[in-house]
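The residues making up each chain are set out below.
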Amino acid sequence: QVQLVESGGGLVQAGGSLRLSCAASGRISSSYAMGWFRQAPGKERDFVGYITWSGSTYYADSVKGRFTISRDNAKSTVYLQMNSLKPEDTGVYYCAANKDYGSTRRNPYDYWGQGTQVTVSS
């Protein structure tokens, strides 16, 4: 079993920055791809970005150039650095793990964290 725990969310003004962390434990290896998704109230959970085991990244167009995903395999932790935040970035942010590959879709991910709230005020 794999456990994922997100942290680092909070309230920030537009234009500000936050860094989210996702700590993994259990039967997980550095070969897993890790994804970030977010869900605004009343909306579906949307893809934000992912990082593969080799460190390759892919982002949604809405966050490209503002968000950066990185990973520290020694700490089994993945990070989401969010800069130039906008009110439309508000939502619950989830990390997810997929033992095979990175994906923009929710279904391939095997494990999910409980989420952390990010609120961007205008």
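Now for the sheet that holds strand β7 (residues 67-72). Read across the sheet, four strands follow the order β1-β3-β8-β7 without closing on themselves; strand pairing throughout is antiparallel. The two strands at the open ends of the sheet, each matched to only one other strand, are β1 (2-7) and β7. With strand direction ignored, the average angle separating the axes of adjacent strands in the sheet is 15°.

A separate point is the pairing of strand β4 (residues 33-39). Along β4, six of the seven residues are buried, which leaves the element largely enclosed by surrounding structure. Sheet topology places β4 next to strand β9 (residues 91-98); seven bridges connect them, and they run antiparallel. Residue pairing for β9: Arg38 is matched across the bridge by Tyr93. Hairpin geometry of β4 and strand β5 (residues 45-51) is characterised by an intervening segment of five residues between the two adjacent antiparallel strands and by a positive phi of about 75° at Gly42.

With that settled, consider the packing of aromatic side chains. One pass over the structure, following the stated rule, counts seven aromatic pairs. Pairing Phe37 with Phe47 gives two aromatic rings, centres 5.7 Å apart and planes at 70°, and the pair type is edge-to-face. Highlighted residues: Phe37 in strand β4 and Phe47 in strand β5, separated in sequence by ten residues. An identical accessibility class is assigned to Phe37 and Phe47; each is buried. Here a set of aromatic residues connected by ring pairs shows up, and it is made of Phe37, Phe47, Tyr50, Tyr58, Tyr109 and Trp112. Just above the ring of Trp112 sits the side chain of Arg45; from NZ or CZ to the centre is 5.1 Å. Over the ring of Tyr58 we find Lys64; its NZ or CZ atom is 5.8 Å from the centre of that ring.

Along the chain, the position of Tyr94 falls in strand β9. A relative accessible area of 11% means that Tyr94 is categorised as buried. Aside from chain neighbours lying at most four places away, what touches Tyr94 is Glu6, Gly35, Trp36, Phe37, Gln39, Arg45, Trp112, Gly113, Gln114 and Gly115.

Here we come to the state of the cysteines. All told, the structure shown has one disulfide when counted by the stated rule. Across a sulfur-sulfur distance of 2.0 Å, Cys22 and Cys95 are joined as a disulfide pair. Between Cys22 and Cys95 the sulfur-sulfur dihedral comes to about 55°; the bridge is accordingly right-handed. You can see Cys22 sitting in strand β3 (residues 18-26) and its partner Cys95 sitting in strand β9, a full 73 residues away along the chain. With respect to class, Cys22 is no different from Cys95; both count as buried.

Criteria and thresholds
Residues numbered from 1 in each chain as written. Predicted model: local features only at pLDDT ≥ 70, side-chain atom pairs only at ≥ 80, totals over all residues. Heavy atoms only, no water. Pairing = 2+ DSSP bridges. Helix = DSSP H or I, 4+ residues; strand = E, 2+ residues; numbered from the N terminus. Axes fitted to C-alpha atoms, helices over the stretch in contact; angles between N-to-C directions. Buried < 20%, exposed > 50% of the residue type's maximum accessible area, 1.4 Å probe, protein only. Phe/Tyr/Trp six-rings, centres within 6.5 Å; stacked < 30°, edge-to-face > 60°. Lys NZ or Arg CZ within 6 Å of the ring centre and 35° of its normal. Contact = heavy atoms within 4.5 Å. Disulfide = S-S within 2.5 Å.

Any functional reading would require information that these geometric values do not contain.
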